[in-house]
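Results of the structural survey
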Amino acid sequence: MFQFAHPAYLWGLFAIALPILVHLFNQRRPRPLSFGAIEFVLRSQRQRARRLRLRQIVLLALRCLLIAAVALALARPSLRPRGVQAAQATGPQATALVLDASLSMRYRIGSRTLFEKARSEALAALDRLGPDEPATVGLCAGSSGFAGAGMAAPSFDRLAARRLLQSAQPTYLSSDMTGCLAAAAKALGDSPVAGKRIIAFSDLAAHSIRLDAPPPLVPPPPNAPAGAQGIRPNVVLVDAARGSELPNAAVVATAVRPSGSLGPRGYEVVATIANSGTQPVSGLQVSLKIGPNIVAKGFVDVPAHGTAKKTLAAVLPAGVVSGRVELARVEAQGLDEDDGEDFVVHVPRDVKALIVDGAPSSLRSRDEAFFVEAALAPARTGGRIHAQTLDADAAANASLEGYDVVLLLNVAAPQKAFVEKLRQAASQRGMGIFLALGDHVDPDAYNAAFGDLLPRPLHLIKTAAEPGAQGSEEHAARFGVIEWAHPLFRVFGPAEREGLESARTFRYALLKPEGQAHTLASYDDGAPALIEKRLGAGRVLLYTSSASRTWTDWPIRVSFLPVLQQAVSWLADAIEQRQPTPALVGEERTLAAPSGTRVERVLGPAGEALQLRRETAHPDDATVALPAPGQYRALVAPPGVQPREEPTLAFVATLDPRESDLRRVDEAELKAQLGGSGSARVAASAAAAEGAHGTPLWSGLLLLGALALLGEGALTRR
Amino acid sequence: MTLDPALLARLGPLQVRARKVMEGVLTGLHKSPHHGQSVEFAEHKEYAPGDEIKHIDWRAFAKLDKYYVKRFEMETNLRALLVLDASGSMAYGRGAMTKLQYASVCAGALAYLLARQGDQVGLCVAGDGGTSEGVREFLPFASSPTHVQELLRMLEGSQGKGPTLLPAALDFTAEKAGRRALVVVLSDLFDATEQSLPALKMLRSRRHDVLLLQTLDREELDFPFDDPTRFLSMEDDRQIEAQPRQIRESYLVEMRRFLESTRKELARSDVEVEQIATDAAPDRVLLKLLARREAA
């Protein structure tokens with residue numbers, strides 16, 4: 001909308017009639033002349049007639065433009081944008097400038113992001129404030145409202161406000177614009193200036209605005225009478241996107257799971273891709289990167305305002321693997337940050353196990369190793385555990401090289417040489433040893449043969465009930481105390497624990513009290529059932545009953561399978577970890593240090609060390625804030641030792657998927673939420689924040705007039 | 001001393017003006033290409049069988065003991081036909097004389113000059129309204145003073161009007177001229193049909209000596225108009241409104257191109273062209289022309 005400082009000069013526009021009259025005068029009836037060489041006049045006129053007519057029209061237009069530009073410039077016009085009424089009030093106004101610094105403001109249009117546009121407009125708005133108008137600045141980001149120290153009371157320290165705006169950077173967080181406006185209104189209450197105004201610069205994404213929230217209200221002054229109502233501030237929302245649609249495709253979720261069809265270490269990565277644009281996206285390329293390499297690619301069609309899932313599969317290396325799902329961007333504009341999502345997956349290594357069958361039988365179900373072999377069968381472990389079975393004699397002469405675990409099932413006390421081989425492989429190579437007992441086990445011979453290899457020496461074999469006898473199940477022992485947090489039992493949720501606790505054990509070995517060992521599970525009489533001991537680099541796990549049905553019915557129960565598989569992995573140091581759950585950017589993540597260590601450092605996606613916060617109750621653990629998306633790594637160490645990276649603590653932080661949805665809020669509903677069109681306006685440009693001043697246009701008009709004058713001169717000289 | 005056209009225009013009838021111009025011009029000599037009947041000795045030639053015995057120079061025989069025959073150059077009867085374009089465009093001229101009047105003066109002066117030295121001269125007035133197509137009036141060859149008076153009377157009575165019919169008049173001339181003759185064409189050559197140049201070339205191809213005096217008004221050459229003008233054709237109904245200042249440059253280019261192409265094209269056919277403006281002294285123009293022809 002135009003406004004004029006000196007509208008009387010607009011009468012000068014009537015002077016446009018002068019060049020028109022001159023033009024008409026020149027078009028008067030010419031005098032006749034009989035001319036001999038009319039042929040040449042005809043030819044010349046034919047060549048130039050059209051150009052001459054055009055030139056005359058251009059000349060007339062330039063002369064009219066010159067006069068109009070001068071008349072308009074003298075009237076001192078200015079451009080008053082839409083929405084300015086809301087920001088106008090009589091007298092000065094305390095002003096809160098709210099700059100949306102959420103992730104969606106990183107959306108790029110051309111060479112600039114929405115945030116850069118909004119920031120420059122906010123700076124211009126700050127410059128245009130009157131000298132008697134106090135101002136405050138806040139960056140709206142994060143669920144808690146304003147980033148940093150929040151919004152201060154309005155002041156006349158323009159330099160500080162300018163510095164804050166100049167140094168402002170967009171975050172990766174989501175924003176709550178409704179909360180920010182309410183907080184800004186509250187901050188305005190601290191200013192004694194009667195007029196209150198909020199100018200917010202945002203992309204007006206629908207997710208950041210709660211239309212059902214109450215409108216922002218400035219609290220009444222402290223000296224107001226009791227029961228006084230709050231003041232409704234003038235609110236100007238400057239749309240950084242200038243009303244344009246912001247189409248965006250983003251990876252909003254990533255799930256990683258083992259894929260049995262791909263064999264050992266085969267994984268499926270399921271990416272969820274969202275499209276917030278009004279047009280469907282077809283043939284969008286999705287790629288799976290492991291480290292720097294793209295290992296799988298695919299294409300996906302995503303409907304408008306919808307999502308689609310894309311599954312990419314790959315065989316991953318053992319260990320902690322970090323990867324990323326990425327979209328191939330075609331167009332230059334858009335939000336780059338949500339085009340990909342990182343993930344971390346713990347891939348257990350393959351295990352080679354040797355089963356030493358102490359009581360082989362031609363009847364498969366009677367064989368001592370039957371249930372163990374069944375539990376470790378490739379079909380049940382995804383091929384991750386390769387088990388080989390030998391009888392005791394064959395095993396005594398076999399080389400243990402290459403085996404990660406040796407399971408001795410009801411094996412009579414072996415020769416010293418074999419025990420020595422076991423000891424060396426365990427202590428030097430970290431091989432695991434699993435001992436299950438049975439009728440072939442003589443406690444004294446075992447103690448003599450294995451010596452300190454046993455977690456604790458065997459004392460005697462206890463029979464709680466005769467298997468198969470009347471009422472034996474009643475008298476049989478049950479698992480009593482189980483260390484559920486241990487990797488062997490971690491797979492059991494509360495609902496599944498009953499399956500383990502219901503196992504009946506009729507006969508088991510009692511252990512002597514000496515020796516340092518860790519009891520993982522015990523029977524209801526307190527006798528150890530599963531007990532482990534470290535042996536150099538390896539571990540020894542002793543199950544005090546049998547791995548067949550001779551002493552217990554546990555092997556035929558469902559709970560036997562996961563415990564045995566976990567036990568083998570645990571002994572081989574290849575336990576399948578629970579996959580780390582991703583965190584959201586802006587949240588905090590507490591990293592629990594492995595026992596005996598302390599979280600010393602946490603590194604962010606760019607390798608920067610993050611500030612740690614420690615709880616008094618768990619001083620070895622550390623809590624970190626997650627400012628950016630990507631992979632986070634932790635370095636741990638026992639006290640006084642150089643920290644090392646602990647791969648199991650690695651995790652990723654992902655973006656809030658709501659920020660990828662750039663659908664705009666309905667302007668009418670937004671104005672209604674802010675208190676109606678009387679006090680709220682949505683402006684298309686930063687000029688809306690200029691209040692009554694408007695954009696002066698007279699200098700541009702004078703320039704236009706000068707150009708018209710130059711053009712007129714050039715045309716008339718020709 | 002030269003004759004200013006303005007002064008010449010005030011001299012009264014064409015006879016007076018033409019005579020005045022003629023007096024200003026040196027007598028020209030038209031040399032015959034035929035040796036023989038002569039008044040002036042030219043050279044000796046060794047006698048050969050077939051030569052006239054009466055031309056043997058006996059004095060030379062006495063001195064040299066060889067037969068030599070005298071050869072002579074003689075002034076012969078030149079047959080000249082003046083073709084005057086009396087189309088409408090020739091009536092243009094806002095100065096002392098129109099183009100037609102100027103061309104008539106030149107034609108009259110030439111007629112005087114030719115008759116004075118015994119040459120036969122004829123006249124063809126090109127225009128509409130005559131007995132033959134394109135020929136308004138025709139006067140056959142003769143050299144008597146009464147003939148010249150008749151020719152001058154015809155010149156004075158001619159009026160510029162109607163379309164240019166010069167090509168038809170030149171065809172007529174080619175028929176009437178008979179054996180080789182000098183054909184002097186006085187025209188502006190503003191011919192919408194563009195057939196005048198081929199007709200001139202045709203005359204030359206019949207071994208006539210063709211001289212074109214292309215007569216133009218100074219205003220046609222310079223186009224000095226400023227005010228908006230409706231230009232009317234002098235030969236037909238065409239007319240056009242124009243801003244002379246805006247088209248001057250283009251007009252001059254077109255005019256220069258026309259004059260240049262006329263001169264070059266006729267020169268290629270060995271037709272002599274003299275482009276003259278009506279503000280030039282006619283005696284000077286004729287003098288220059290005759291001097292050039294004598295030198296050639």
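Quick note: structure is the one above.
Computed from a predicted structure; not experimentally measured.

**Focus: the sheet that holds strand β18 (residues 385-391) of chain A**
Residues and elements named next belong to chain A. In space, the nine strands of this open sheet follow the order β18-β17-β19-β20-β27-β26-β25-β22-β23, with mixed pairing throughout. Since the sheet does not close on itself, it has two edges, and those belong to β18 and β23 (504-505), each with one partner. One ladder, built from two bridges, connects strand β22 (residues 477-482) with β23; its direction is antiparallel. Residue R478 lies in a different strand from β23, and its bridge partner there is R504.

**With respect to the interface of chain A and chain B**
Counting residues at the interface gives 24 residues for chain A, matched by 30 residues for chain B. Of the roughly 2700 Å² buried where chain A meets chain B, counting both sides, 61% is carbon and sulfur surface. At the boundary of chain A with chain B, the tally comes to three salt bridges. Linking E254(B) and R43(A) is a salt bridge whose minimum nitrogen-to-oxygen distance equals 3.3 Å. For the pair chain A and chain B, the interface holds 10 residue pairs in polar contact (both at pLDDT 80 or more). Contributions of two or more residues to the side of chain A that touches chain B are made by β2 (31-35) and α2 (38-74) of chain A.

**As for a nonpolar patch on the surface**
Residues and elements named next belong to chain A. A cluster of nonpolar side chains, contributed by L18, I20, L21 and L24, occupies part of the molecular surface with about 390 Å² of accessible area. For L24, the location among the structural elements is in helix α1 (residues 17-26). When its relative accessible area of 53% is taken as the criterion, L24 is described as exposed.

**Concerning the pairing of strand β27 (residues 538-546) of chain A**
Residues and elements named next belong to chain A. β27 sits mainly inside the fold: nine of its nine residues count as buried. The pairing of strand β20 (residues 432-437) with β27 spans six bridges and is classified as parallel. Within β27, the residue paired with L437 across the bridge is S546. The turn linking strand β26 (residues 528-535) back onto β27 is made up of two residues, and G536 within it adopts a positive phi angle of 60°.

About the thresholds
Residues numbered from 1 in each chain as written. Chains lettered and ligands numbered in written order. Predicted model: local features only at pLDDT ≥ 70, side-chain atom pairs only at ≥ 80, totals over all residues. Heavy atoms only, no water. Pairing = 2+ DSSP bridges. Helix = DSSP H or I, 4+ residues; strand = E, 2+ residues; numbered from the N terminus. Contact = heavy atoms within 4.5 Å. Buried area = accessible area lost by both parts, 1.4 Å probe. Salt bridge = Lys/Arg side-chain N within 4 Å of Asp/Glu carboxyl O. Polar contact = N/O pair within 3.5 Å; in protein donor to acceptor, adjacent residues only side chain to side chain. Patch = residues over 30% accessible without salt bridge, like charges linked within 9 Å, V, L, I, M, F, W, Y side chains within 5 Å. Areas by Shrake-Rupley, 256 points an atom, 1.4 Å probe, with all protein chains shown as cover. Buried < 20%, exposed > 50% of the residue type's maximum accessible area, 1.4 Å probe, protein only.

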